[in-house]
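Structural overview for review
What follows is each chain in one-letter form.
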Amino acid sequence: AQSVTQPDIHITVSEGASLELRCNYSYGATPYLFWYVQSPGQGLQLLLKYFSGDTLVQGIKGFEAEFKRSQSSFNLRKPSVHWSDAAEYFCAVGASTDKLIFGTGTRLQVFP
Amino acid sequence: GAVVSQHPSWVICKSGTSVKIECRSLDFQATTMFWYRQFPKQSLMLMATSNEGSKATYEQGVEKDKFLINHASLTLSTLTVTSAHPEDSSFYICSASPQSYEQYFGPGTRLTVT
């Protein structure tokens, strides 16, 4: 069965520091992978997605993610975090029948 | 582009009453819409998948008679929580999908049942 694991429940970084949020997936075939961001009391906004091709994917707001099949990972990165990046981040894998399977999320806190 | 709206954004109702939540894709047509439930500080739990003009497909454990879903057009789906009880209080989020694996999310509806 498809599943997504986000090992880090909560991450705190200083503004301007680099960021990496971890995501591991379990899926038999080539996965469709997504990163979403959710601000408090809001819906989800798509940051980036991977379907095929170049394993380094660029997204909005300066985020990027790298698909590593050998490690079953799709980690999200940003070279320099801004205070406005504080939010909840969800990794998701596209399952059969067009469903998305979400990880449990990582809460990012940014200190000035 | 790809804007999804939900109405209302928050609602308080008394136990035993029914509440309808609307989900609209404003600038695209969505053949499929999804309804999720999210508890505080938790991930999204898929409740059901609805396709325009056909019955919704509910996830295991979701009561179809309690959570009525209607997908009347390519831009509108509704979720009705019937005979709501305090345990139904939650954050409900819809998403609209114009094509496979492309989901655009609404801002969510906070339901509080007193």
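Here goes a summary of the coordinates provided.

When helices and strands are tallied, chain B shows zero helices and eleven strands. Its helices and strands in sequence order give chain B the pattern β-β-β-β-β-β-β-β-β-β-β, from N to C terminus. Its C-alpha atoms give chain B a radius of gyration of 13 Å, near enough to 13 Å, the size a compact globule of 114 residues would have. Along the three orthogonal principal directions, the C-alpha set of chain B runs to about 35 × 25 × 25 Å. Across the 114 residues that make up chain B, the buried fraction comes to 51%. In chain B, the share of contacts with a sequence separation of at least 24, taken over all contacts with a separation of at least 6, comes to 54%.

Turning our eyes to something else, we now look at the state of the cysteines. Residues and elements named next belong to chain A. For the coordinates displayed, the defined rule picks out two disulfides over all chains. Shown here is the disulfide that connects Cys-23 with Cys-91, its sulfur atoms set 1.9 Å apart. What sets the handedness of the Cys-23 and Cys-91 disulfide is the S-S torsion sign, and at about -65° it is left-handed. Of this pair, Cys-23 sits in the loop between strand E3 (19-21) and strand E4 (24-26) while Cys-91 is found in strand E10 (residues 87-94), placing the two residues 68 residues apart along the sequence. Per residue, the accessibility class of Cys-23 equals that of Cys-91, and both read buried.

Once that is clear, we can look at the interface of chain A and chain B. Of the residues lining the interface, 22 residues belong to chain A; the matching set on chain B comes to 19 residues. Approximately 1700 Å² of surface area, both sides summed, lies buried where chain A meets chain B, with 54% of it carried by carbon and sulfur atoms. Among the residues chain A hides against chain B, the three largest losses belong to A:Leu44, A:Asp98 and A:Lys99. Together they make up 30% of the total. In this assembly, chain A and chain B are joined by two salt bridges. Where A:Lys99 meets B:Glu59, a salt bridge forms, and the shortest distance between an N and an O atom there is 2.7 Å.

Residues and elements named next belong to chain A. The final tally for this structure, using the stated rule, is nine salt bridges over all chains. Two residues, Lys-78 and Asp-85, come together in a salt bridge whose shortest N-O distance is 2.8 Å. Owing to a relative accessible area of 10%, Lys-78 belongs among the buried residues under this scheme. A salt bridge links Glu-88 to Arg-107, with the shortest nitrogen-to-oxygen separation between them at 3.3 Å. Taken together, the residues Glu-88 in strand E10 and Arg-107 in strand E12 (residues 106-111) connect sequence positions 19 residues apart. Connected via shared salt-bridge partners are Glu-64, Glu-66 and Arg-77.

About the criteria used
Residues numbered from 1 in each chain as written. Chains lettered and ligands numbered in written order. Predicted model: local features only at pLDDT ≥ 70, side-chain atom pairs only at ≥ 80, totals over all residues. Heavy atoms only, no water. Helix = DSSP H or I, 4+ residues; strand = E, 2+ residues; numbered from the N terminus. Rg over C-alpha atoms; globule rule 2.2 N^0.38 Å. Buried < 20%, exposed > 50% of the residue type's maximum accessible area, 1.4 Å probe, protein only. Contact = heavy atoms within 4.5 Å. Disulfide = S-S within 2.5 Å. Buried area = accessible area lost by both parts, 1.4 Å probe. Salt bridge = Lys/Arg side-chain N within 4 Å of Asp/Glu carboxyl O.

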